[in-house]
Amino acid sequence: SADILTGDHQQVVLPDLAAGCSMADMAAISQVEDAWDDLVDADVADDVVPVSYMNSTAAIKAFTGRHGGTICTSSNARTALEWAFAQRPQGRGKVLFMPDQHLGRNTAVLQLGLDLDACVVFNPHKPGGGLTTQQLRDARMILWRGHCSVHGRFTAENVAAARARMPDVSVLVHPECRHEVVLAADL
């Protein structure tokens, strides 16, 4: 992704050519294109703005741009979602958030005040994402079934154990953690 932004006089050095991101690997471009076809078939694609997390492939970023969306980081996800919802008429806007379902859910629910019920998880390994047409129509956030393999290891029990060991501790977690972990944390 960094190399796409460079000029001919610039160079990106990747010290480990095997480096990658397991989260980015959870959204293959062919899966995303098939998912978009499912949104078209459900007659909701015109209401959907894709928002992709920086931890995605260049192909996913290009798809997002072709469909009028934007790329975000964890620090500007709220701004990106506010922008995306504003791109459609009031009440009709939907976001396809890829590839990290947790960042999308936590931002939508905890920062924008959406109901958890307004969020559905699109599973690319199931026909139609494992969702009904009505679920897609009712959803405001269509979350790609992806996650960070590191942040996914943390549990609410880990937060409780830290508090038990250090009662005065302030627990800070990344918004890529599961919703229940973010709820159990202080920040």
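Structure: above.
Residues numbered from 1 in each chain as written. Predicted model: local features only at pLDDT ≥ 70, side-chain atom pairs only at ≥ 80, totals over all residues. Heavy atoms only, no water.

Looking now at the overall build of the protein. Within the protein, the secondary structure is distributed over seven helices and five strands. Listing the helices and strands of the protein from first to last along the sequence gives α-β-α-β-α-β-α-β-α-β-α-α. The C-alpha atoms of the protein give 17 Å as radius of gyration, which agrees with the globular expectation for 187 residues (16 Å, within 12%). A buried classification covers 40% of the 187 residues belonging to the protein. Taking the contacts inside the protein whose residues are at least 6 apart along the sequence as the reference set, 64% of them involve residues at least 24 apart. Split by element, the accessible area of the protein, about 10200 Å² in all, is 51% carbon and sulfur. Across the protein, the centroid of the 15 positively charged side chains sits 4 Å from that of the 22 negatively charged ones. (Helix = DSSP H or I, 4+ residues; strand = E, 2+ residues; numbered from the N terminus. Rg over C-alpha atoms; globule rule 2.2 N^0.38 Å. Buried < 20%, exposed > 50% of the residue type's maximum accessible area, 1.4 Å probe, protein only. Contact = heavy atoms within 4.5 Å. Areas by Shrake-Rupley, 256 points an atom, 1.4 Å probe, with all protein chains shown as cover. Lys, Arg positive; Asp, Glu negative; His and termini not counted. Charge placed at Lys NZ, Arg CZ, Asp CG, Glu CD.)

This brings us to the pattern of salt bridges. One pass over the structure, following the stated rule, counts five salt bridges. D47 is the partner of R92 in a salt bridge, and the nearest nitrogen-oxygen pair spans 2.5 Å. Pair noted here: R92 is in the loop between α3 (77-86) and β3 (94-98) and D47 is in the loop between α1 (29-41) and β1 (48-53), with a separation of 45 residues, a long-range link. E82 serves as the salt-bridge partner of R78, at 3.1 Å between the closest nitrogen and oxygen. Here R78 and its partner E82 are both found in helix α3, four residues apart, which amounts to about one turn of the helix. (Salt bridge = Lys/Arg side-chain N within 4 Å of Asp/Glu carboxyl O.)

Bringing the nonpolar core into the picture now. Proteins that are soluble and globular tend to have nonpolar side chains buried together. Counting 21 residues, the largest nonpolar core has V51, C72, L81, V95, F97 and M141 as the members making the most contacts within it. Mapped onto this core, the elements with two or more residues apiece are β1, α3, β3, α4 (101-111) and β5 (141-144). Ranked by residue count, the leading element in this core is α3, at five residues. Residues in contact with F97, not counting those within four places in the same chain, are V51, C72, L81, L103, G104, M141, I142, L143 and W144. V120, L136, A139 and W144 belong to the second-largest nonpolar core, a separate cluster that totals 20 residues. (Core = buried A, V, L, I, M, F, W, Y, C linked by side-chain atoms within 4.5 Å.)

All quantities given are derived from atomic positions and should not be read as evidence of function.
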